[in-house]
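Read off the chains here:
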Amino acid sequence: MAKVRAAVVGGGIIGLAVARELLHRMDAVEVTLFEKETRVAAHQTGHNSGVVHAGLYYPPGSLKARLCRRGVTLLQQYAQDKGVAYEECGKVVVAHDASEVGRMDAIFDRAVANGVPGIRKIAGEEIPEIEPHARGVAALHSPHTAIIDYVAVAEALAADIAAAGGRVLLGREVVGLDSRTSETVVTTGDGTEVFDLVVTCAGLQSDRVALLSGEPRTPRVVPFFGDYFLLEPERSSLVKGLIYPVPDPRYPFLGVHLTKRIDGRIMLGPNAFLSLGREAYDRRGWSAADVVSAVGFPGFWRFAARNTAAAAREARTVLSTGQFVKEAQKYVPDVRRSDVIRGPRGIRAQAMNADGSLEDDFVITGGHRVIHVRNAPSPGATSSLAIAEHVVTEVLERATS
């Protein structure tokens, strides 16, 4: 029996998980993973907050809801097996005032429907029992929401792939995908290789990679950066776990929150604003091609027209550290401007439709030989092992249909 030649494009946590799952689930398979950077987890995986989401917010029955809950189970077991740091520090979603209680109750109903373990409502006076410095009129407590070292998970997945006989090729940017025959030709700067199956998990470049194989240009990735600040180490005791706001449906993004990292440092953020480059982690960096891609997309202007209030709010936090800290002070009043230093920046690969709507669920497209993971923002890292299960199940079903 001839071996199936499979390629995965993208060395973030989802691509690595898919490559590992192919090796575990398929008989007689050869797997090659292409990553354009010289290390794995160089983009979204290595620039996020490290939260293992429990599944509070997602519409019941959606891919996000189902794969997040499954992903938590798989990720926790994998971390235990590999000795990767994992901590159930817990999370409170705090209603700042009475106007937010109804929205908080709706999140509780979703969380229950999604099977989030241990979720409960608490009164305002109970919040300090969990987070001594947090304040609000009410909150949800999710005791099993956790934090993890996602880069360590990615590195462990890469090691698993190599141990199972797969190839992880670093510094190999895919610039061509030709699937016009019964095989797919993958072109990199080092030449071409032929595969029977290709799965792309290209994150910030997912729309461009999909376009290489003849997929539609939309949904288009429009990058939004998120800045973080760090509390000075001596002030880390202000936060025990995760302190989140109640999402406001008027705004497309969550807003500033306070997050414990696996190394014990406390992050404030992120905000969300249009990035001048899909990979512009340096605040002075930008890409002309990425700017043109975003502002030349009619969907972006439709999105912007509907979200002027959100843009104004986020702009204030971009321009003023004091305004950024004020957002955090709504929930932890004891945080002072002098307590924070500038931290890292992440960039969210947000898929946007031509009508200006944001893709709210995971989006997986493609045909028999080429499958594209086109939208997998938060909780993508949490769900990574479950997304891999889902994708490989589709591969196997298509192979037998």
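Cut-off values and rules
- Residues numbered from 1 in each chain as written.
- Predicted model: local features only at pLDDT ≥ 70, side-chain atom pairs only at ≥ 80, totals over all residues.
- Heavy atoms only, no water.
- UniProt positions renumbered as here; feature names shortened; annotations may be inferred.
- Pairing = 2+ DSSP bridges.
- Helix = DSSP H or I, 4+ residues; strand = E, 2+ residues; numbered from the N terminus.
- Axes fitted to C-alpha atoms, helices over the stretch in contact; angles between N-to-C directions.
- Contact = heavy atoms within 4.5 Å.
- Salt bridge = Lys/Arg side-chain N within 4 Å of Asp/Glu carboxyl O.
- Buried < 20%, exposed > 50% of the residue type's maximum accessible area, 1.4 Å probe, protein only.
- Disulfide = S-S within 2.5 Å.

Naming follows an unreviewed UniProt entry, where the chain appears as L-2-hydroxyglutarate oxidase of Rhodococcus pseudokoreensis. Turning to the chain, the UniProt annotation filed under Cofactor (unreviewed entry) states: "FAD". Under the UniProt heading Sequence similarities (unreviewed entry), the note attached to the chain is "Belongs to the L2HGDH family."

It is worth spelling out the sheet that holds strand β9 (residues 167-170) at this point. The sheet built from 6 strands is open, its strands ordered β9-β2-β1-β13-β21-β20 with mixed pairing. If you trace the sheet from one side to the other, it starts and ends with β9 and β20 (363-366), each paired once. Between one strand axis and the next, the sheet turns through 15 degrees on average, direction left out of account. Bridge analysis of strand β2 (residues 29-35) against β9 gives 4 bridges, and the strand direction is parallel. Bridging from a neighbouring strand, T32 pairs with R167 of β9. Against the sheet, helix α1 (residues 13-25) engages β1 (4-9), β2 and β13 (197-200), with an angle of about 170 degrees to β2.

Taken as a whole and judged by the stated rule, the model has 25 salt bridges. A salt bridge links E183 to R5, with the shortest nitrogen-to-oxygen separation between them at 2.6 Å. A residue pair is termed long-range when its members are at least 10 positions apart, and E183 in the loop between β10 (174-178) and β11 (184-188) and R5 in strand β1 qualify at 178 residues. The exposure class assigned to R5 is partly exposed, which follows from its relative accessible area of 26%. The shortest N-O distance in the salt bridge between D339 and R235 comes to 3.1 Å. Here the residue D339 occupies a position in the loop between α10 (321-329) and β19 (340-352), and R235 occupies one in the loop between β14 (220-231) and β15 (242-245), the gap between them amounting to 104 residues. The exposure class of D339 is buried, given its relative accessible area of 2%. If you follow the salt bridges from partner to partner, you end up with D227, R283, R342 and R345 in one network.

One open sheet holds the 3 strands; their spatial order is β3-β8-β4, and the pairing between them is antiparallel. Only two strands of the sheet have a single partner each, and these edge strands are β3 (51-52) and β4 (86-87). Bridge count between β3 and strand β8 (residues 146-148): 2 bridges; the pairing is antiparallel. By the bridge assignment for β8, V51 is matched with I147.

The full count for this structure, using the stated rule, is 0 disulfides. Here C201 stays free of any disulfide, with the sulfur of C68 as its closest cysteine sulfur at 18 Å. Judged by relative accessible area, which is 10%, C201 ranks as buried.

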